[in-house]
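Remarks on the overall topology
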There are 2 protein chains.
Amino acid sequence: MKYNYASRMANLNGTATREIFKLLGNPEIISFAGGNPAIECLPTERVKEITADITSSPDFARVLQYGLTAGFPELRALLADYVRTAGIEGAAVDNILVISGGQQGIDLVLKTFINPGDVILVENPTYLAFLQIANSYEAVCKGVDSGEEGLDLADLEAKIKKYRPKVLYCVPTFSNPTGRTYTAENRKAIAELTAKYGVVVIEDDPYSKLRFKGEYVPSMKSMDRAGNVIFVSSFSKIISPGNRTGVACAEPELIRKMEICKQGTDLHTPNLSQMITYEYLRRGYLEPDLKRAVEIYGRKKACMSDAIARYMPEEFECTDPDGGLFIWGRLPKGIDVLKIFPEAIERKVAYIQGSVFFAEPEGTENYIRLNYSYANDEQIDEGIKRLSGLFKEKIAALK
Amino acid sequence: MKYNYASRMANLNGTATREIFKLLGNPEIISFAGGNPAIECLPTERVKEITADITSSPDFARVLQYGLTAGFPELRALLADYVRTAGIEGAAVDNILVISGGQQGIDLVLKTFINPGDVILVENPTYLAFLQIANSYEAVCKGVDSGEEGLDLADLEAKIKKYRPKVLYCVPTFSNPTGRTYTAENRKAIAELTAKYGVVVIEDDPYSKLRFKGEYVPSMKSMDRAGNVIFVSSFSKIISPGNRTGVACAEPELIRKMEICKQGTDLHTPNLSQMITYEYLRRGYLEPDLKRAVEIYGRKKACMSDAIARYMPEEFECTDPDGGLFIWGRLPKGIDVLKIFPEAIERKVAYIQGSVFFAEPEGTENYIRLNYSYANDEQIDEGIKRLSGLFKEKIAALK
């Protein structure tokens, strides 16, 4: 039978990272492609202890039974407290929705707001999976320029006036893919500007706890006076990606809408996943584990920066993040990193082409995202060496 | 700020069961409203044993790390085998998608196929959460008449010709809400008719393993020659609802589309949930546990049927299912079960009004769904007695 798909399917293909993820069964390939936490940062012993306690509890049957869509009340209460670590004061239980990973939070916001054809503003470049989710709602994404301080405010206001967007999506701290962080002033200005024009902001914050250098910057949500910012965070990078838990924090009216949308997608986040996150936070494991993780990521990032300085051709430019998981690089115009990807795989090293992070990808074929959290120090050094060899050849061929 | 929601939100309210679920914190209320498995059927000791083994395994870190969107390969392989129990022979791994509960399977099919305004045919009456999910895609649902044998084939063909639907949704075994089962002949005829007209069928099968009487009937998917039937099943009623796992089985092309849709909604089903289901099935726990569960549900159903015979007014008519979790009842015209629901709650007994199960609910205010799986025998007897008292008063007042 020939199937008659929905129109949204025309623009939906597997995201580049997910597809590359499938190819990486080969352990010989050094991967800078994904966004996986370091294996040594995954709290295997803690989760073992926690699950043993949960399954031994006299009311464990409650965990196996249906739960509420918005999440366990005790987890929501704890998360209302937890968002203070992002500067959000006074959150109550009805400001909080438990989500099945940050990805679901984004999906639920778009489900709540987006009709086909609606415009969404995103940073140039932005998280590739966001563009995929936006495609699934047949939204039109338009890029806003950005720099070291954050979004270009003049460009933001101009694009708001021009496109009348419903939503602005951004990752203000350790952006994926650039690793850059918006200043506090930039955040405040964005919150005010979007409030003025009635634009809802998704503040996606999976990485802010992974800071190995520089000063904490409060979340944009903490500067939200109009109720237009929806804060979405994830425990994937700081507890476990496989556990699929996260938190959304917003006005109760919005949380209620997102809850209704969640009913139809997965009814509720699995209870054991919720309880693992609850107990992990309640027992105070996050702080010491983060301390260790941040040391590890800081070391890995330094290792990659050092290898880049040592091996990469001088034409290669890149960011120097204070946290998060990614370095963003640029090669000279004329080098198409997607085209030469098979040659990288031959040399047993993988990355993600930067073009997939742009709402309007024309002319961005020379950008590249490098992840430093997953590979070990030796692999990072060796992988960058291999890549450098390839890039040098390609640059030489340009001349 | 006044929010400008997507048009889909206009018809989305919390589903009746989810809302009542919230009210049932009061343990004095005997609830026939939900669809929860019996607490005594939840395999607390098995899951305790399984999670201890999983968390002790040397490659437990794999469970905490990101997983593939389609699910753990070993679980998919096992599920390809598992669907044989529904008569589906020869399924391979690429026919299988691991889903976060049956609800997600339905959602992913609609995401794959439905544009706003597309018509979906459903049984009269049908699963209320399906109507909710269909609303979220702005589909138009039209009801097909049904009876003891299954769908009315003449009405089905007439509605297909009239509405040119993209999808038919049905629960052929122990339907929610009626508890009725389509005959094998009826299934075969539906599979052929829908194939002829290019209609995709969602065969939702959460209950078929809960048979306490009568003969096994193979799934409609097992009779599918054209590749138009998508089989969706859930482990919620037979392992644990809180674990949120299920399986979809369809043509590889469709599984791939659903996988791409799943990337954007939750990336993947939590790994621990997947591994619990995998180990539970692999260790052969399902068969003995089902044997026990089916005895319990058979007893509870008999208990409810007996109480209905003993207490209910003769004007009350109801189904007599061979399995599943629900009895479907009808009161005389003129009794609006939603209107008198507050009086039922005063008498400390809850049910679901039948009207929410109809695509076109006009004139269905006298139907009622009663769940017998959750309450214990005494509560069932007492609850039906309380309801009968209320109904008798209302019927007397009609005269």
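Reading the values: rules and limits
Residues numbered from 1 in each chain as written. Chains lettered and ligands numbered in written order. Predicted model: local features only at pLDDT ≥ 70, side-chain atom pairs only at ≥ 80, totals over all residues. Heavy atoms only, no water. Least-squares fit on C-alpha atoms with pLDDT ≥ 70 in both. Contact = heavy atoms within 4.5 Å. Buried area = accessible area lost by both parts, 1.4 Å probe. Salt bridge = Lys/Arg side-chain N within 4 Å of Asp/Glu carboxyl O. Helix = DSSP H or I, 4+ residues; strand = E, 2+ residues; numbered from the N terminus. Nonpolar A, V, L, I, M, F, W, Y, C, P; charged D, E, K, R; others polar. Pairing = 2+ DSSP bridges. Axes fitted to C-alpha atoms, helices over the stretch in contact; angles between N-to-C directions. Buried < 20%, exposed > 50% of the residue type's maximum accessible area, 1.4 Å probe, protein only. Core = buried A, V, L, I, M, F, W, Y, C linked by side-chain atoms within 4.5 Å. pLDDT = per-residue confidence, 0-100. Phe/Tyr/Trp six-rings, centres within 6.5 Å; stacked < 30°, edge-to-face > 60°. Lys NZ or Arg CZ within 6 Å of the ring centre and 35° of its normal. Expected span 1.5 Å × (residues − 1). Parallel < 35°, antiparallel > 145°, perpendicular 65-115°, else oblique. Lys, Arg positive; Asp, Glu negative; His and termini not counted. Polar contact = N/O pair within 3.5 Å; in protein donor to acceptor, adjacent residues only side chain to side chain. 1 Å grid on protein atoms, 1.4 Å probe; cavity = no way out; pocket = protein on both sides within 12 Å on 5 of 7 lines; lining within 4 Å. Points joined across faces, edges and corners; volume = space filled by probe spheres on them.

**Focus on the relation of the copies chain B and chain A**
Between the two copies of the chain lies a rotation about an axis combined with a shift along it. Overlaying chain B with chain A gives an RMSD of 0.0 Å, the required rotation being 180° about an axis along which the chain moves by 0.0 Å. Within this description, the copies of the chain are treated as partners about a two-fold rotation axis. Rotation axis and chain B: the residue whose C-alpha lies nearest the axis is B:Ala52, separated from it by 3.2 Å. Take the interface residues of chain B: 100% of them recur as interface residues in chain A, which is what a same-surface contact looks like.

**Details of the interface of chain B and chain A**
Taken residue by residue, the interface counts 86 residues in chain B and 86 residues in chain A. Note on chain B versus chain A: buried area summed over both sides is about 7100 Å², and carbon and sulfur give 58% of it. Summed over the shared surface of chain B and chain A, the number is zero salt bridges. Secondary-structure elements contributing two or more residues to the side of chain B that touches chain A are α1 (16-23), α2 (44-56), α3 (60-64), α5 (102-113), α6 (128-136), α9 (252-266) and α10 (271-282) of chain B. Considering every element that reaches the side of chain B that touches chain A, the biggest residue donor is α9(B), with eleven residues. Split by residue class, the side of chain B that touches chain A holds 35 nonpolar, 35 polar and 16 charged.

**Quick look at unusual backbone geometry**
Leave glycine aside and you will find that most residues have negative phi; peptide bonds, for their part, are mostly trans. With an omega of 0°, the peptide bond running from A:Asn124 to A:Pro125 counts as cis. Position of A:Pro125 relative to the elements: it lies in the loop between β3 (119-123) and α6 (128-136). Cis rather than trans, the peptide bond between A:Asn176 and A:Pro177 has omega equal to 20°. The topology assignment puts A:Pro177 in the loop between β7 (167-170) and α8 (184-197). One non-glycine residue, B:Arg164, lies in positive phi territory at about 45°. By secondary structure assignment, the location of B:Arg164 is in the loop between α7 (153-163) and β7 (167-170). You will see that B:Lys348, though not glycine, has its phi angle at about 65°, which is positive.

**Considerations on the environment of B:Ile239**
All names here are of chain B. Along the chain, isoleucine 239 falls in the loop between β9 (229-234) and β10 (246-249). On a C-alpha basis, the gap between isoleucine 239 and leucine 42 in space is 6.7 Å, while along the polypeptide they are 197 residues apart. Those residues within four positions of isoleucine 239 in sequence are excluded, and the remaining contacts are Leu42, Pro43, Thr277, Tyr280 and Leu281.

**Looking at the sheet that holds strand β3 (residues 119-123) of chain B**
All names here are of chain B. Spatial ordering of the open sheet is given by β2-β10-β9-β8-β7-β3-β4, a layout of seven strands whose pairing is mixed. One side of each edge strand has no neighbouring strand; the edge strands of this open sheet are β2 (96-99) and β4 (140-144). Between one strand axis and the next, the sheet turns through 20° on average, direction left out of account. Inspection of the sheet shows β9 paired to β10 by four bridges, in the antiparallel sense. Considered in β10, the bridge of phenylalanine 231 is made with cysteine 249.

**Examining the pattern of salt bridges**
Residue and element names in this part refer to chain A. In this structure the tally under the stated criterion is 55 salt bridges over all chains. In this structure, aspartate 155 engages lysine 159 in a salt bridge whose closest nitrogen and oxygen atoms are separated by 3.0 Å. Residue aspartate 155 and its partner lysine 159 are located together in helix α7 (residues 153-163), separated by four residues, close to a single helical turn. In this structure, aspartate 155 and lysine 159 share a single accessibility class: buried.

**Considerations on the nonpolar core**
In summary, soluble globular proteins display a tendency toward joint burial of nonpolar side chains. One finds A:Phe130 and B:Phe130 to be the most contacted residues of the largest nonpolar core, which totals 240 residues. Those residues in contact with B:Phe130 that sit more than four places away from it in its chain are B:Ile106, B:Leu110, B:Ile120, B:Val122, B:Cys141, B:Tyr169 and B:Ile202.

**Overview of the confidence of the model for chain A**
As a note on interpretation, predicted positions should not be read in detail where pLDDT is low. Counting all residues, the mean pLDDT for chain A is 95, and 97% of those residues have values of 70 or more. At the level of chain-chain contacts, confidence expressed as ipTM amounts to 0.95, with global pTM at 0.96.

**Some details on the pairing of strand β9 (residues 229-234) of chain A**
With six of six residues buried, β9(A) is to be regarded as a mostly interior element. Side chains A:Val229, A:Phe231 and A:Ser233 project from β9(A) onto one buried face, and the interleaved A:Ile230, A:Val232 and A:Ser234 project onto a second face that is buried too.

**Regarding the packing of aromatic side chains**
Tallied over the full model, the rule gives 30 aromatic pairs over all chains. Pairing A:Phe358 with A:Tyr367 gives two aromatic rings, centres 5.4 Å apart and planes at 50°, and the pair type is tilted. Residue A:Tyr367 is classed as buried on the basis of its relative accessible area, which comes to 18%. In textbook terms, an aromatic cluster arises when at least three aromatic residues are bridged by ring pairs, as seen for A:Phe316, A:Phe341, A:Tyr351 and A:Phe391. Its end group placed over the ring of B:Tyr5, A:Lys257 keeps NZ or CZ at 4.9 Å from the ring centre. The aromatic ring of B:Tyr285 is capped on one face by B:Arg46, whose charged end is 4.1 Å from the ring centroid.

**A look at helix α5 (residues 102-113) of chain A**
Residue and element names in this part refer to chain A. With twelve residues, α5 extends 17 Å from end C-alpha to end C-alpha; this agrees with the ideal 16 Å at 1.5 Å per step. For α5, a buried count of twelve out of twelve residues is recorded, marking the element as mostly surrounded by other parts of the structure. Residues of α5 that are buried include every one of Gly102, Gln103, Gln104, Gly105, Ile106, Asp107, Leu108, Val109, Leu110, Lys111, Thr112 and Phe113, and no others.

**A short note on the sheet that holds strand β4 (residues 140-144) of chain A**
Within a beta sheet, neighbouring strands are joined by backbone hydrogen bonds and run either parallel or antiparallel to one another. Residues and elements named next belong to chain A. Reading across from one edge, β2-β10-β9-β8-β7-β3-β4 is the order of the seven strands in this open sheet, with mixed pairing throughout. Of all the strands in the sheet, the pair left with one neighbour each is β2 (96-99) and β4. This sheet shows a mean twist of 20° between the axes of neighbouring strands, independent of strand direction. With five bridges joining them, strand β8 (residues 200-205) and β9 adopt parallel strand pairing. The residue of β9 that forms the bridge with valine 201 is valine 229.

**Regarding the packing of α5(A) against helix α9 (residues 252-266) of chain A**
Helix packing for two helices is described by the angle between their axes and how far apart those axes are. All names here are of chain A. Two elements in contact, α5 and α9, have axes separated by 9 Å at closest approach and are oriented at 105°. With respect to their mutual orientation, α5 and α9 come out roughly perpendicular. Contacts between α5 and α9 involve Gln104, Gly105, Leu108, Val109, Lys111, Thr112 and Phe113 from the first element and Leu254, Lys257, Met258, Cys261, Lys262, Thr265 and Asp266 from the second.

**As for the side chain of A:Arg8**
Tracing the sequence through the fold places A:Arg8 in the segment before α1 (16-23). Nearest to the buried, unbridged A:Arg8 among oppositely charged side chains is A:Glu138, at 4.7 Å. A polar atom in the side chain of A:Arg8 sits 3.0 Å from the backbone oxygen of B:Ile114.

**Things to note about empty space enclosed by the protein**
Per the stated rule, a full pass over the model turns up nine cavities of 30 Å³ or more. Of the volumes computed, that of the second largest cavity is approximately 170 Å³. Lining the second largest cavity are 16 residues, with A:Arg8, A:Tyr137, B:Arg8, B:Ser136 and B:Tyr137 positioned closest to its centre. Every element with two or more residues in the lining of the second largest cavity is listed here: α5 of chain A together with α5 of chain B. Looking at the lining of the second largest cavity residue by residue, the class counts come to four nonpolar, four polar and eight charged.

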